[in-house]
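# Structural characterization, general
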Amino acid sequence: PNIRVPSPLGYVYEREIRDVGLDNPVDLFIDKHDNIYVVDTWNNRIVKLDLQGNVLATYGQSVGEGRLNSPEGVHVDEEGNVWVADTQNARVVRFNPEGEVTLVLGRPQHELLGEDFQYRPTKLTVDSTGKVYVINSNDYRGIVVLDQQGNFVEFFAHNPVGWSLRRLLIRLFATEAQKERFARDLPPPHSNIFLRDDGFFYTTTIYETTNQIKRLSPVGVNVYPAGFYGERVRQGWQWVMPRFIDLTVNQYGVISALDSSSSKVYQYDQDGNLLLVFGNKGEGKGFVSNAASIDVDSNGLLYILDKDRARIQIFRPTEFANLVHLATQLYYEGRYEEAAIPWQQVIELNSNYTMGYVGMGKVYHRQENYDLAMKYYELGNDKAGYSKSFSEKRLILLRENFGWLIIGVIVLFIL
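Residues numbered from 1 in each chain as written. Predicted model: local features only at pLDDT ≥ 70, side-chain atom pairs only at ≥ 80, totals over all residues. Heavy atoms only, no water.

Moving on, we get to the overall build of the protein. Secondary structure summary: the protein contains eight helices and 25 strands in total. Judged by the C-alpha coordinates and their principal axes, the protein covers about 95 × 60 × 50 Å. Counting only residues that meet the buried cut, the protein has 49% of its 415 residues in that class. Of the contacts formed within the protein by residues at least 6 apart in sequence, a portion of 44% connects residues at least 24 apart. Summed over its atoms, the accessible surface of the protein is roughly 21,300 Å², and 51% of this surface lies on carbon and sulfur atoms. Between the mean site of the 42 positive side-chain charges and the mean site of the 51 negative ones, the protein shows a separation of 7 Å. (Helix = DSSP H or I, 4+ residues; strand = E, 2+ residues; numbered from the N terminus. Buried < 20%, exposed > 50% of the residue type's maximum accessible area, 1.4 Å probe, protein only. Contact = heavy atoms within 4.5 Å. Areas by Shrake-Rupley, 256 points an atom, 1.4 Å probe, with all protein chains shown as cover. Lys, Arg positive; Asp, Glu negative; His and termini not counted. Charge placed at Lys NZ, Arg CZ, Asp CG, Glu CD.)

Another aspect to go through is unusual backbone geometry. Positive phi outside glycine occurs at Glu368, with the angle close to 65 degrees. Here Glu368 falls in the exposed class, since its relative accessible area comes to 58%. With a phi angle near 60 degrees, Asn381 is a residue other than glycine that sits in the positive phi range. Accessibility expressed as a relative area gives 45% for Asn381, which makes it partly exposed.

What follows deals with the pattern of salt bridges. Under the criterion given, the structure shown has 19 salt bridges. Note that Lys32 is salt-bridged to Glu78, the shortest N-O span being 3.4 Å. In this pair, Lys32 sits in the loop between strand 2 (25-30) and strand 3 (36-40) while Glu78 sits in the loop between strand 6 (73-76) and strand 7 (82-86), placing the two residues 46 residues apart along the sequence. Of the charged contacts, one joins Glu333 and Arg335 as a salt bridge, the two residues approaching to 2.7 Å between their closest N and O atoms. Here the salt bridges share partners, and the residues they tie into one network are Glu16, Arg18, Asp19 and Arg311. (Salt bridge = Lys/Arg side-chain N within 4 Å of Asp/Glu carboxyl O.)

With that settled, the discussion passes to the sheet that holds strand 3. Across a sheet, paired strands are connected by hydrogen bonds in the backbone, their directions being either parallel or antiparallel. Taken together, the four strands give an open sheet; going across it, the order is 2-3-4-5, and neighbouring strands pair in antiparallel fashion. Looking at which strands have only one partner, the edges of the open sheet turn out to be strand 2 and strand 5 (55-59). Going from strand to strand, the sheet's axes swing by 20 degrees on average, the running direction of each strand aside. Summarising the sheet, strand 2 and strand 3 pair through five bridges and their orientation is antiparallel. Looking at strand 3, one finds that Leu28 is bridged to Val38. (Pairing = 2+ DSSP bridges. Axes fitted to C-alpha atoms, helices over the stretch in contact; angles between N-to-C directions.)

One pair of aromatic rings is described through two measures. These are the centre distance and the angle between the planes. In total, this model carries 18 aromatic pairs according to the counting rule given. Ring geometry for Tyr133 against Phe201: centres 4.6 Å apart, planes inclined by 45 degrees, an arrangement best described as tilted. Here the residue Tyr133 occupies a position in strand 11 (residues 132-136), and Phe201 occupies one in strand 15 (residues 201-204), the gap between them amounting to 68 residues. Residue classification places Phe201 among the buried positions, given a relative accessible area of 2%. In this structure an aromatic cluster arises from ring pairing among Tyr11, Tyr13, Phe278 and Phe315. Its end group placed over the ring of Phe200, Arg215 keeps NZ or CZ at 3.8 Å from the ring centre. (Phe/Tyr/Trp six-rings, centres within 6.5 Å; stacked < 30°, edge-to-face > 60°. Lys NZ or Arg CZ within 6 Å of the ring centre and 35° of its normal.)

Moving on, we get to the environment of Val39. For Val39, the position within the fold is in strand 3. Exposure remark for Val39: the relative accessible area of 0% places this residue in the buried category. In this structure, the C-alpha to C-alpha distance between Val39 and Pro71, residues 32 residues apart in sequence, is 6.7 Å. Dropping the residues within four chain positions of it, Val39 is found in contact with Asn24, Pro25, Val26, Asp27, Arg45, Ile46, Pro71, Glu72, Gly73 and Val74.

A few words on the packing of helix 6 (residues 370-379) against helix 7 (residues 383-400). Interhelical geometry of helix 6 versus helix 7 gives an angle of 160 degrees and a closest axis separation of 9 Å. One finds that helix 6 runs roughly antiparallel with respect to helix 7. For helix 6 against helix 7, the interelement crossing comes out left-handed. On helix 7, the residues that touch Tyr370, Asp371, Ala373, Met374, Tyr377 and Glu378 of helix 6 are Gly385, Tyr386, Ser389, Phe390, Glu392, Lys393 and Ile396. Per-class residue counts for the contact of helix 6 with helix 7 are seven nonpolar, two polar and four charged. (Parallel < 35°, antiparallel > 145°, perpendicular 65-115°, else oblique. Left-handed = near helix turned anticlockwise from the far one by under 90°. Nonpolar A, V, L, I, M, F, W, Y, C, P; charged D, E, K, R; others polar.)

What follows is about the sheet that holds strand 8 (residues 91-95). Ordered by their spatial adjacency, four strands build an open sheet running 6-7-8-9, and the pairing between neighbours is antiparallel. Unpaired on one side and paired on the other, strand 6 and strand 9 (101-105) mark the two borders of the sheet. In this sheet, adjacent strand axes meet at a mean angle of 20 degrees when their direction is disregarded. Alignment of strand 7 against strand 8, held across five bridges, turns out to be antiparallel. The residue of strand 8 that forms the bridge with Val84 is Val93.

A separate point is the environment of Glu333. In this structure, Glu333 sits in the loop between helix 3 (319-332) and helix 4 (336-349). Judged by its relative accessible area of 44%, Glu333 is partly exposed. Measuring from C-alpha to C-alpha, the distance between Glu333 and Ala310 comes to 39 Å, with 23 residues separating the pair along the chain.

Shown next as structure tokens:
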């Protein structure tokens, strides 16, 4: 366990989009028609591209209220409206598909925000009811929710502070005056947000050491498994922690989370199980110098925005990755017998891929074939899964031999 072994590649470098005049791009979004929208921050614009990298339109450089100032986030709704986090102008701007400004939401006013409220919107998304979810830079209180009139609605899904021995000792032993002098531990802010068609919000957090990836219900409750995501990497005498700056979710429900520390992509299923890892820092093809954003098109290709090199690298899933994704989707759709086929193919391609064995164990457990489930759970080093199947097997044995057990107890009592 926890030993790296050779594995088939999950994604391979396909091509890149470059030479479109980007300067310090920080965000990208792919709409339902596979158009790419890039936040070209230092050029104060949004660039719309096709999949080949041809410029189709630009937004934000016109004179007047549509002029952007160092934007950092973009979202495109179902009608093709382009929503922009106009960071330095402290507002949210909506453009129609023709590039005309149709809505401007300035700094919200509310007693909960306070008079000294600092507003620097960096990322955003819009739900089906028209509510705008804005990540405000370094705001520990959660995601700012606005209505279509720019009114503040609520803070959404703030991150918990978590347990701290230091904070506990201060609370137990410090005087009131000492407590006032100590700085408060504030929750870390969200770094990005992604809204899927099923109504769930997916968020990342940079300054959190656990639970850096969340799947939030429409009321802001995290339903994603708690735990540590990514990898700790030792560099000299220090451990470098992952810094998840963005994520996306493909048609199979697989999460691709982008780590800006290593420029690696970590893929997880809906239960938080690690499926694949690929990518690295570097200057050549297939390497990313400063990863800023990630998204996926309708064909499953991943697009990674390189901030320093001002280009988008495109990665294609291999047969191995497609099999893993298909097996995961079939299982979560309840099609267990069908899921067994791609899982078996995954194991044939990589006999060291533990998630393949775990997947087979889940399939056989659902089919109530607990002997085979235990076998595959053991091969996948899944102790929890093995224990679950063993408990079911033991219950069946007790049920089948209950009569003999009662007779044996009576005989022992008589003896």
